[in-house]
Amino acid sequence: MKLFKAAQIRAWDAYTITHEPIASVDLMERAALACCHWIKESYPYQGKEFHVFCGLGNNGGDGLALARLLGEAQIPAVVYILQSGGQGTQDFQTNLSRLRTRNIEVQDIHSENVFPQIPANAVIIDALMGSGLNRPIEGLMANLVAWINKSKRPVIAIDLPSGMRADEHSSEDPTIRATHTLTLGTYKLALMMAENAPYFGEVLLLPIGLSQDFESATAMYISDLEVIKQWYKPRSSFANKGTYGHALIVAGAIGKMGACI
């Protein structure tokens, strides 16, 4: 599987929207459906209440759509919108309008004074920033991230934990500590970095139907099951150490041979 940088992933989204074709808000709905399906099929949600924290960007739009779908599935959800100036993206506004028609509580966060008390049975959905970040978060956003981490509730991050930059490690920046990360469409480079491991928890790749015709040059790949199937050759139960040839290992000097041995 190819690994792309954030700009290439955005281009892949745009290519899919143009060539499928599909409206961007419908691609967002597809992502939210994939997240909702994972929660219903793979997460112990019974008796839990989902607290969905949304920014004003498209990651926040994913969160709004997911909250609506959870409500339709009779899974309790509460939404918090971090008001950081502006009205939000067009797809965010569309999903907010759709959410307003449902019986789901929506609260705005304007300051630290209204940070919510998070109950013991809560599961937090992190839809504050996603993969579009290119600098450390600060101000009210950083304080909210610290508040969520301090709650020590389980966190499901949508696409990437908020505060994590898609193409580099963010281990010294304010970052959500997720227990699960539902990354959309393709893996992000940040999820391949050991420095970020304490923040992204268990990573689940959720397909959202990105176009398979998209092409972009990259030197980075990850070996997945499809690639391994091409290499794998079944071996006879009666094979011996010489049946399939030999390997010559030329390796380290005296005192440095442990790994090769």
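What you see is a predicted model; the values in this text were computed from it and never measured.

1. Considerations on unusual backbone geometry
For residues that are not glycine, phi is negative in most cases, and the peptide bond is trans in most cases.
Okay, step 1: With an omega of -15°, the peptide bond running from Glu20 to Pro21 counts as cis.
Okay, step 2: Positive phi, close to 65°, is recorded for Gln74, a residue that is not glycine.
Okay, step 3: We classify Gln74 as exposed; its relative accessible area is 68%.

2. Digging into the side chain of Ser216
Okay, step 1: Structurally, the position occupied by Ser216 is in the loop between strand E7 (202-206) and helix H7 (225-231).
Okay, step 2: Classification of Ser216 by relative accessible area gives buried; the value is 19%.
Okay, step 3: Once residues lying within four places of it in the same chain are set aside, the contact partners of Ser216 are Lys2, Phe4 and Gln8.

3. Overview of helix H5 (residues 139-151)
Okay, step 1: When the terminal C-alpha atoms of H5 are compared, their 19 Å separation across 13 residues agrees well with the 18 Å that a helix rising 1.5 Å per residue should span.
Okay, step 2: Among the residues of H5, Met141, Ala142, Leu144, Val145, Ile148 and Ser151 are the ones counted as buried.
Okay, step 3: Where H5 is buried, its residues meet strand E1 (49-54), strand E2 (77-82), strand E3 (105-109), strand E4 (122-127) and strand E5 (155-158).

4. Description of the environment of Leu3
Okay, step 1: Take Leu3: it is sitting in the segment before helix H1 (6-19).
Okay, step 2: A sequence separation of 219 residues divides Leu3 from Ile222, and the C-alpha atoms of the two residues are 6.8 Å apart.
Okay, step 3: Among all residues touching Leu3, those that are not within four sequence positions of it are Tyr187, Leu189, Met192, Thr218, Met220, Tyr221 and Ile222.

5. Focus on the pairing of E5
Okay, step 1: Side-chain alternation along E5 places Val155 and Ala157 on one buried face and Ile156 and Ile158 on a second face that is also buried.
Okay, step 2: Relative to E5, E4 runs parallel, the two being bridged by three bridges. Of the residues in E5, the one forming a bridge with Asp126 is Ala157.
Okay, step 3: Assessed by its sense of winding, the connection that carries the chain from E4 through H5 to E5 is right-handed.

6. Section: the pattern of salt bridges
Okay, step 1: Enumeration according to the criterion identifies eleven salt bridges in this entry.
Okay, step 2: Here Arg165 ties to Asp173 by a salt bridge, and the two come within 2.2 Å at their closest N and O atoms. In this pair, the class of Arg165 matches that of Asp173, namely buried.
Okay, step 3: Where salt bridges share partners, they join Glu29, Arg68, Glu72, Arg98 and Arg102 into one cluster.

7. Some remarks on the sheet that holds E3
Okay, step 1: Read across the sheet, seven strands follow the order E3-E2-E1-E4-E5-E6-E7 without closing on themselves; strand pairing throughout is parallel. Looking along the sheet, the strands with just one partner apiece sit at the ends: E3 and E7. Between one strand and the next, the sheet's axes are offset by a mean angle of 20°, whatever the strand orientation.
Okay, step 2: Here helix H3 (residues 58-72) sits on the sheet and contacts E1, E2, E4, E5 and strand E6 (180-184); the angle it forms with E1, its principal contact strand, is near 155°.

Definitions and limits used
Residues numbered from 1 in each chain as written. Predicted model: local features only at pLDDT ≥ 70, side-chain atom pairs only at ≥ 80, totals over all residues. Heavy atoms only, no water. Buried < 20%, exposed > 50% of the residue type's maximum accessible area, 1.4 Å probe, protein only. Helix = DSSP H or I, 4+ residues; strand = E, 2+ residues; numbered from the N terminus. Contact = heavy atoms within 4.5 Å. Expected span 1.5 Å × (residues − 1). Pairing = 2+ DSSP bridges. Right-handed = clockwise from strand over helix to strand, strands pointing away. Salt bridge = Lys/Arg side-chain N within 4 Å of Asp/Glu carboxyl O. Axes fitted to C-alpha atoms, helices over the stretch in contact; angles between N-to-C directions.

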